[in-house]
Structure formats: C-alpha cells, structure tokens
Amino acid sequence: MERVGDDMIFEEILSRLPAKVVCRFKCVSKQWCYELSTPKFVFIHARRVGNSIQKKLLSLKENSIVVDDIVASNLEVDTSKTVTFPYDVHSSFLRIICSFNGLILVCIKRSYSELVLWNPTTRRFKLISDDYFIRHFGRHNDTGGMYFDEDNDLKVLHINCYSDILTARVYSRRHDSWRKLNFLNGSQLASNFYSWSPGI
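In this report, the structure presented in the accompanying data block is examined. (Residues numbered from 1 in each chain as written. Predicted model: local features only at pLDDT ≥ 70, side-chain atom pairs only at ≥ 80, totals over all residues. Heavy atoms only, no water.)

1. A closer look at the pattern of salt bridges
Any two side chains of opposite charge can pair if their charged atoms end up close together.
Stage number 1. Counted by the stated rule, this structure contains four salt bridges.
Stage number 2. For the salt bridge of Lys155 with Asp149, the shortest nitrogen-to-oxygen distance reads 3.7 Å.
Stage number 3. On the basis of relative accessible area, Lys155 is assigned to the buried category, the value being 10%.
Stage number 4. Bridged by salt links that share partners, the residues Asp149, Asp153 and Lys155 form one connected network. (Salt bridge = Lys/Arg side-chain N within 4 Å of Asp/Glu carboxyl O. Buried < 20%, exposed > 50% of the residue type's maximum accessible area, 1.4 Å probe, protein only.)

2. Comments concerning the nonpolar core
Nonpolar side chains in soluble globular proteins generally cluster together in the buried interior.
Stage number 1. Ranked by internal contacts, the top residues of the largest apolar core, which has 14 residues, are Leu105, Leu117, Ile128, Met146 and Val156.
Stage number 2. Elements that contribute at least two residues to this core include exactly β4 (94-100), β5 (103-109), β6 (113-119), β8 (142-148) and β9 (154-162).
Stage number 3. In terms of residues, this core owes the most to one element, β5, which gives three residues.
Stage number 4. If near-sequence neighbours (up to four positions away) are discounted, Met146 is found in contact with Cys98, Ser99, Phe100, Leu103, Ile104, Leu105, Leu117, Leu154, Lys155 and Val156.
Stage number 5. Leu58, Phe85, Val116 and Trp118 belong to the second largest nonpolar core, which has 11 residues in total. (Core = buried A, V, L, I, M, F, W, Y, C linked by side-chain atoms within 4.5 Å. Helix = DSSP H or I, 4+ residues; strand = E, 2+ residues; numbered from the N terminus. Contact = heavy atoms within 4.5 Å.)

3. Brief notes about the side chain of Lys26
Stage number 1. Mapped onto the secondary structure, Lys26 falls in the loop between α2 (19-25) and α3 (30-35).
Stage number 2. For the buried Lys26, no salt bridge exists, and the shortest N-O distance to an oppositely charged side chain is 12 Å, to Glu35.
Stage number 3. Filtering out sequence-adjacent residues up to four positions away, Lys26 remains in contact with Cys33, Leu36, Ser37 and Arg124. (Lys, Arg positive; Asp, Glu negative; His and termini not counted.)

Okay, structure coming up:
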C-alpha cells in the first residue's frame, strides 16, 4: 500500500477540518505544530472554511461576547457560547471594526484607542496599535478592513478622515509595522463628512 504524503495530509485532509480540531492536531508533534502554523496552511484552511455553509456570528452583549452558529443561513440559538476577550475590558468598550477569515479587528475604546487582531477560535491575539492611535477610533472618522496581498501577507487597512485630512495606513502582519499610503486629500472627496461602514 502506498504511503500518504505530508502534502496530502495537511493540504487535502486537515485543511478541511474546523479550526478547533486543527488546533488539537498541533499537539501530535513539533513538525505538525509547525506545518499547521505556516502561512500556506493558514491560507488554504481559510479559503476552505470561507466556502463552508456553517458560519459564526459574534455579538457584543451587555456583559459578554457571544458566538452563535449560522447553518444554511439559519441562526442556531441553542449553540450559543460565551467567549472571553484577551484583555480585561468590559464589552461596552469594544468595537468590532471588521472580520476576515476568522480574524476579528477590534478597537478597545479607552482614553486612547487600541487595535487588536483577535482569533476567538484559537484565542490568539496581537495588539497592532502604534503611537498614531492616540485618540478614539470614531464611527464618523475611521474605518478599517483586512485582506491578503499577493504574497499572502495579512494586511490591515485603516482610513481616517479628520478635519478634512484623509489618512490611509496599512499594517503588515509579516513585518509587524504600519506604513502610510498616498491617498485622496480633502478637496478630492465628494463630501467632508462620512459615516464609514465597517469592513471597507
């Protein structure tokens, strides 16, 4: 009998499993932990999971964060689970900016703003704010989104419109840094006032 290759195991079999199950397989060996954490596997898994008919709905409730299953466009209320945000902060101080492939971009609104990339399934998170985020992330001034670039590097886009000055910046997960983009200025905008929709 022919032996099944590692590529077949990781790319064709394990990439089709739910994220929680994949996390359990990381305990098999150091090699499996490494292989299941590579950007290539994460990309393949995210694409497969994105095409699944089962989705998750994350809701910020008064004192908790609740995850519900959505199967074939129907909310499964009996599957609700409460999850814990990695920082000790009341849910009223959290704002979900966008989600992408199981990752959630969250703004913590304190006396200053902090942006956090969070994966509720794996419970991994990363604070991505820098000194630029010294004031509140405002609904009328800020928006954000996430995407993979052509090199499969996760990017976070942040656009801010404040006092007729539009600033666009991109965070690279691979380089763990922000860079400013050349973008439209105030005179090129159709309006000086925007109420951004999340996930631009």
